[in-house]
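For reference, the chains in residue letters:
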Amino acid sequence: MHKCILSALVVKINIEMQLFFGEKISDKELFLSPEDSKHACKSLRKKVDDTIFVTDGNGEIYQCTILDDNMNQVIVNIDHVVDNPFPRNYYLHIAISPLKNPDRFEWFVEKATEIGIDEITPIICSRTEKGKVNTDRLNRIALSAAKQSVKAKLPRINEPIAFEKFIQNTADNAQQQFIAWCETEHEKLLFEACKAKTATLILIGPEGDFTKEEVEKSLQQGFTPISLGRSRFRTETAGMVACHDVFLRNQ
């Protein structure tokens, strides 16, 4: 049985976890959003003194006791920190071109969050067809995906930025920086080139790929060209493959 399936079974059997997201009022108290408050009280019929599991999206999961079961804003007391069922020992940032079809970009955000990602930046490249993204909607999608997959840390989703400005601003910020493009079939695969337990930044281009000028500029900023395999993927699929390769490299 696959390792990640085994982990999921452990969570279900030992914790039976329904994860809620909340904001800290103090070191000992959090409040849930109206959406989560309604779900807890109306759908799950939670009430005062019941135990629930809450994260503030920063990497910790808390076992909590409900103090106030107001359907608009549940308030809980933090009893103690529980073991994170899916801890990560690496940091993954994927900078990826927005897509003409927003549904496909949203799909990438959802699935990358489920696998495990720390930061997503939409980069506007020469061949990017549509440069606008709805970051508020993307954050809601990431939140829902994090709750479904019991992730204690929400990814940071940045506003779109021009490709050249991005690589100039982020050079040397990550311990390893890669650019995936279709002319690197003979370069190392990402899975082989990527070191485990390391802060990683990966550039994923638009449909039609990066231009040679963009690749050259990225190399000047210290990025290493890598291949995602022999297949030519759609942008959102390439992002998913990159995310999954880094995930597997760290298992």
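Here is a short report on the structure shown in this document.

Definitions and cut-offs
Residues numbered from 1 in each chain as written. Predicted model: local features only at pLDDT ≥ 70, side-chain atom pairs only at ≥ 80, totals over all residues. Heavy atoms only, no water. Core = buried A, V, L, I, M, F, W, Y, C linked by side-chain atoms within 4.5 Å. Buried < 20%, exposed > 50% of the residue type's maximum accessible area, 1.4 Å probe, protein only. Helix = DSSP H or I, 4+ residues; strand = E, 2+ residues; numbered from the N terminus. Contact = heavy atoms within 4.5 Å. Lys, Arg positive; Asp, Glu negative; His and termini not counted. Salt bridge = Lys/Arg side-chain N within 4 Å of Asp/Glu carboxyl O. Polar contact = N/O pair within 3.5 Å; in protein donor to acceptor, adjacent residues only side chain to side chain. Axes fitted to C-alpha atoms, helices over the stretch in contact; angles between N-to-C directions. Parallel < 35°, antiparallel > 145°, perpendicular 65-115°, else oblique. Nonpolar A, V, L, I, M, F, W, Y, C, P; charged D, E, K, R; others polar.

1. Comments concerning the nonpolar core
Turning to step 1, where the next piece is worked out: Among the nonpolar cores identified, the biggest contains 29 residues, and Ile94, Leu190, Ile202 and Ile204 are the most heavily contacted of them.
Turning to step 2, where the next piece is worked out: For this core, the secondary-structure elements that each account for two or more residues are strand S6 (91–96), helix H3 (102–115), helix H4 (135–148), strand S10 (176–180), strand S11 (199–204) and helix H8 (235–249).
Turning to step 3, where the next piece is worked out: If we ignore the near neighbours within four places in the chain, the residues touching Ile202 are Leu92, His93, Ile94, Ala95, Phe178, Leu190, Ala242 and Val246.
Turning to step 4, where the next piece is worked out: In terms of nonpolar packing, the next biggest core, distinct from the first, is built from 15 residues, Phe163, Phe166, Leu203 and Phe210 among them.

2. Focus on the side chain of Glu214
Turning to step 1, where the next piece is worked out: Among the structural elements, Glu214 can be located in helix H7 (residues 212–220).
Turning to step 2, where the next piece is worked out: Here Glu214 occupies a buried position and makes no salt bridge, while the nearest side chain of opposite charge, Arg127, is found at 6.5 Å.
Turning to step 3, where the next piece is worked out: For Glu214, the side chain forms a polar contact with the main-chain nitrogen of Ser126, separated by 2.7 Å.
Turning to step 4, where the next piece is worked out: In contact with Glu214, not counting residues within four places along its chain, are Cys125, Ser126 and Phe163.

3. Notes on the packing of helix H5 (residues 163–170) against H7
Turning to step 1, where the next piece is worked out: The contact between H5 and H7 brings their axes to 10 Å, and the two run at 10°. Between H5 and H7, the angle is such that the two are roughly parallel. On the side of H5, the interface is formed by Phe163, Glu164 and Ile167, while H7 contributes Glu214, Lys217 and Ser218.
Turning to step 2, where the next piece is worked out: Tallied by class, the residues present in the contact of H5 with H7 amount to 2 nonpolar, 1 polar and 3 charged.

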